[in-house]
Amino acid sequence: MTVLVLDNPELIAKAVVASGFNAAALAPEERRPHRMRFHYGFNKHALDSSDKAIILQHAVYLRQHPAVSIRIHGHSDNFGAEDFNRFLSRLRTNAVARLLIKEGVAESRILVTSWGSARPFTTPDDRAANRRVEIEYLASDMAKAL
C-alpha cells in the first residue's frame, strides 16, 4: 500500500508525474492561472489593467470548471485605523468578486474574507507587500462544508 503525504508538494508533484499527467498537454484555457496574489497602492482598491487580465484568466478557468469554488482574501497594511483597514480590504475583495461575476462566474462559488491588517504577508512594516488580495481555490467538498 502506498501512502501519499499531502503536505509535501514535492511528493505530490512526483506522484502526478508518475501517474502520467502532463500539464503541458492541457490547452492554455484549461490551466489554472499561477498568479494568485494582487497588490495595491496606498489607499487603493481598484485593479490595474495587468491584474484585471490575470483575473479574467481565472474567470475563464472557473467557467470551465463549475465544481471549483474560490475564496478571495482581502488584506491591507497596518497604517491607520483597523476599522478603515477592514473596510478597504473589503473593497478590494469586492472589486475582484464583481469582475469574476461580471465574467460569468456564479456568485455562489465565490467566498470573500476581509482581514484588514490582521494577517500580514511579511513584516507589518513592509506595507506595500501587505496591501493585497489573494485567491484561494477550494475543493468542491471543502466549499460545500463552508
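The following paragraphs examine the structure supplied in this document. (Residues numbered from 1 in each chain as written. Predicted model: local features only at pLDDT ≥ 70, side-chain atom pairs only at ≥ 80, totals over all residues. Heavy atoms only, no water.)

Next up on the list: helix α3 (residues 82–102). Three- or four-residue spacings in an α-helix give side chains the same orientation, since the helix completes a turn every 3.6 residues. The end-to-end C-alpha separation of α3 is 30 Å, in line with the 30 Å expected for 21 residues at 1.5 Å each. Three or more residues of α3 are buried, namely N85, L88, S89, R92, T93, A95, V96, A97, L99 and L100. Looking at the packing, one finds that the buried side of α3 touches α2 (49–64), β2 (69–74), β3 (110–114) and β4 (132–138). Backbone geometry just after α3 places G104 at a positive phi near 100°. (Helix = DSSP H or I, 4+ residues; strand = E, 2+ residues; numbered from the N terminus. Expected span 1.5 Å × (residues − 1). Buried < 20%, exposed > 50% of the residue type's maximum accessible area, 1.4 Å probe, protein only. Contact = heavy atoms within 4.5 Å.)

Time to look at the pairing of β3. Note that β2 and β3 share five bridges and pair parallel. By the bridge assignment, R71 is partnered in β3 with L111. For the crossover from β2 across α3 to β3, the handedness is right-handed. (Pairing = 2+ DSSP bridges. Right-handed = clockwise from strand over helix to strand, strands pointing away.)

This brings us to the environment of T122. Of note, T122 is situated in the loop between β3 and α4 (127–130). Residues contacting T122, with those up to four places away along its chain left out, are A129 and N130.

A word on the pairing of β2. Burial analysis of β2 places six of its six residues in the buried class, the great majority of the element. Across the two faces of β2 the burial is the same, with S69, R71 and H73 and I70, I72 and G74 all buried. As judged from the six bridges shared by β2 and β4, these two strands associate in the antiparallel manner. Paired with G74 across the bridge in β4 is V133.

Moving on: the packing of aromatic side chains. The description of an aromatic ring pair uses the distance of the two centres, along with the angle that the planes make with each other. Applying the stated rule across the entire model yields three aromatic pairs. Ring centres of Y61 and Y137 lie 5.7 Å apart, and the angle between their planes is 80°; this geometry places the pair in the edge-to-face category. Taken together, the positions of Y61 in helix α2 and Y137 in strand β4 put the pair 76 residues apart, joining distant regions of the chain. Of the two residues, Y61 and Y137, neither departs from the other in class, the shared state being buried. Summarising the aromatic geometry, the rings of F84 and F87 are spaced 6.3 Å apart at their centres and angled 45° between planes, so their arrangement reads as tilted. Of this pair, F84 and F87 both sit in helix α3, separated by three residues, roughly a single helical turn. (Phe/Tyr/Trp six-rings, centres within 6.5 Å; stacked < 30°, edge-to-face > 60°.)

As a further point, take the nonpolar core. Among the nonpolar cores identified, the biggest contains 20 residues, and I55, I70, I72, V96 and L100 are the most heavily contacted of them. For this core, the secondary structure elements donating two or more residues are α2, β2, α3 and β4. When residues in this core are grouped by element, the largest group, five residues, is from α2. Every residue in contact with V96, bar those within four places of it in the chain, is listed here: Y40, L47, I55, I72, V133 and I135. (Core = buried A, V, L, I, M, F, W, Y, C linked by side-chain atoms within 4.5 Å.)

If you walk across this open sheet you meet the four strands as β1-β4-β2-β3, and the pairing is mixed. One side of each edge strand has no neighbouring strand; the edge strands of this open sheet are β1 (37–39) and β3. On average, each strand axis in the sheet is inclined to that of its neighbour by 15°, with strand direction left out of account. Along the sheet, α3 contacts β2, β3 and β4; its crossing angle with β3, the most-contacted strand, is approximately 165°. (Axes fitted to C-alpha atoms, helices over the stretch in contact; angles between N-to-C directions.)

Don't take any of this as a statement about function, it's just geometry.
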